Amino acid sequence: MESKNTRLLLLLMLGAVLVVGQLYVTLPLAPALASRWQITTGQAAWVGSAFGFAYAAGFLLLGRLSDRVGRRTVLLFSLLATAVASVLVAVSMHFGMLLAARALQGLVAAAFPPAALALVAEALPPARRPLGISLMSFAFLAAAPLAQFLAAQFAGLGLPAIMLVLAAAY
C-alpha cells in the first residue's frame, strides 16, 4: 500500500478508536460519577446513554452529510466539534449540563464514521479497499475494550481530565 494511503488509513483508524471509544469511556467511571454528582449508579449510566442515543440519531441526521460537503470537511468538522463538546463535558457544572454536553458530543461524533468509511472507499485503490474497510471495522470494534480499559486505568484523574485529554487528541 502506498505510504500516503497507509498514513491516511492509520489516522482514520486512530480517529475511529477515539471517536467510537466515547461510547464506552464512561462505563468504568459510573461509580465515580455517581459519587461526584450524588446520584445512583443507574442515573450515572445516563452519561453514556445520552452519548449513545445522540450518536445513533447523528448517524441518521449526518450520515450522508459528507456526500454533500465533502469527506475531509466533515471529518475535520466532526473531530473539532467533538473536541469542543469534550471540553463542555469537562467543565459541566451540574448533572443536566453534563448530560446535554454528552448528547452534543454524541451527535457531532456521529459524523465521523460514515465519512471515514466513504473516504477509505474512495482513496484506496480497488484492490486495497477490502483491507481498508476491514481495518476501519477493526478500529471501530477495538474502541470498546480499549476505551474501557484506558478509562479504568485513569479513572482516578476523573472525567474532566479524561475529556480534556481526549479533546486535545481530537
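Quick summary incoming for the structure in this document. (Residues numbered from 1 in each chain as written. Predicted model: local features only at pLDDT ≥ 70, side-chain atom pairs only at ≥ 80, totals over all residues. Heavy atoms only, no water.)

1. Quick word on the packing of aromatic side chains
Applicable threshold: Only the six-membered ring of Trp is used, alongside the rings of Phe and Tyr, when aromatic pairs are assigned; centres must lie within 6.5 Å, and planes under 30 degrees apart are stacked while those over 60 apart are edge-to-face, with the rest tilted. Working definition: helices are DSSP H or I runs of at least four residues, strands are E runs of at least two. Numbering for both runs from the N terminus. Buried, partly exposed and exposed residues are distinguished by accessible area as a fraction of the type maximum, computed with a 1.4 Å probe on protein chains only: under 20%, between the cut-offs, and over 50%, respectively.
Tallied over the entire structure, the rule returns 4 aromatic pairs. Between Tyr55 and Phe59, the aromatic rings sit 4.9 Å apart at their centres with planes inclined by 85 degrees, giving edge-to-face as the arrangement. In this pair, Tyr55 and Phe59 are both assigned in helix α4 (residues 46-62), 4 residues apart and thus about one turn of the helix distant. You can call Tyr55 buried: its relative accessible area is 8%. Under the relative-accessibility criterion, Phe59 is labelled partly exposed at 33%. Members of the aromatic cluster, each reached through a chain of ring pairs, are Phe51, Tyr55 and Phe59.

2. Quick word on helix α1 (residues 3-21)
Let me state the cut-off plainly: Expected helix span is taken as 1.5 Å per residue step, with the number of steps being one fewer than the number of residues. The contact criterion used throughout is that any non-hydrogen atoms of two residues lie within 4.5 Å.
Between its terminal C-alpha atoms α1 stretches 26 Å, which fits the 27 Å expected from 19 residues at 1.5 Å a residue. Those residues of α1 not exposed but buried are Asn5, Leu8, Leu9, Leu12, Met13, Gly15, Ala16, Leu18, Val19, Val20 and Gly21. On its buried face, α1 is in contact with α4, α6 (71-90), α7 (95-109), α8 (112-123), α9 (129-153) and α10 (159-169).

3. A word on helix α2 (residues 30-37)
The line we're drawing: Here the arc refers to the set of directions running from the helix axis out to each C-beta atom.
Among all positions of α2, only Ala30, Leu33, Ala34 and Trp37 are buried. Seen from one end, α2 has its buried residues packed into an arc of 100 degrees, which puts them on one side. Exposed residues pointing more than 90 degrees away from the buried face of α2 are listed as Pro31 and Arg36. Note on α2: the residue one or two positions beyond its end, Gln38, has a positive phi of about 55 degrees.

4. Quick look at a nonpolar patch on the surface
Definition in use: Here the term patch refers to residues with relative accessible area over 30% and no salt bridge, with like charges joined within 9 Å and nonpolar side chains (Val, Leu, Ile, Met, Phe, Trp, Tyr) within 5 Å. Exposure was quantified through the Shrake-Rupley algorithm and a 1.4 Å probe, taking into account, for residues, occlusion by the shown protein chains and nothing else. Salt bridge, as used here, is a side-chain nitrogen of Lys or Arg placed within 4 Å of a carboxyl oxygen of Asp or Glu.
Taken together, the side chains of Val84, Val87, Leu88, Val91, Leu104 and Leu164 present a nonpolar region at the surface, about 450 Å² in accessible area. It is α6 that contributes the most residues to the nonpolar patch, 3 residues altogether. Note on placement: Val91 falls in the loop between α6 and α7. Taking the relative accessible area as the measure of exposure, Val91 reaches 43% and is therefore partly exposed.

Any functional reading would require information that these geometric values do not contain.
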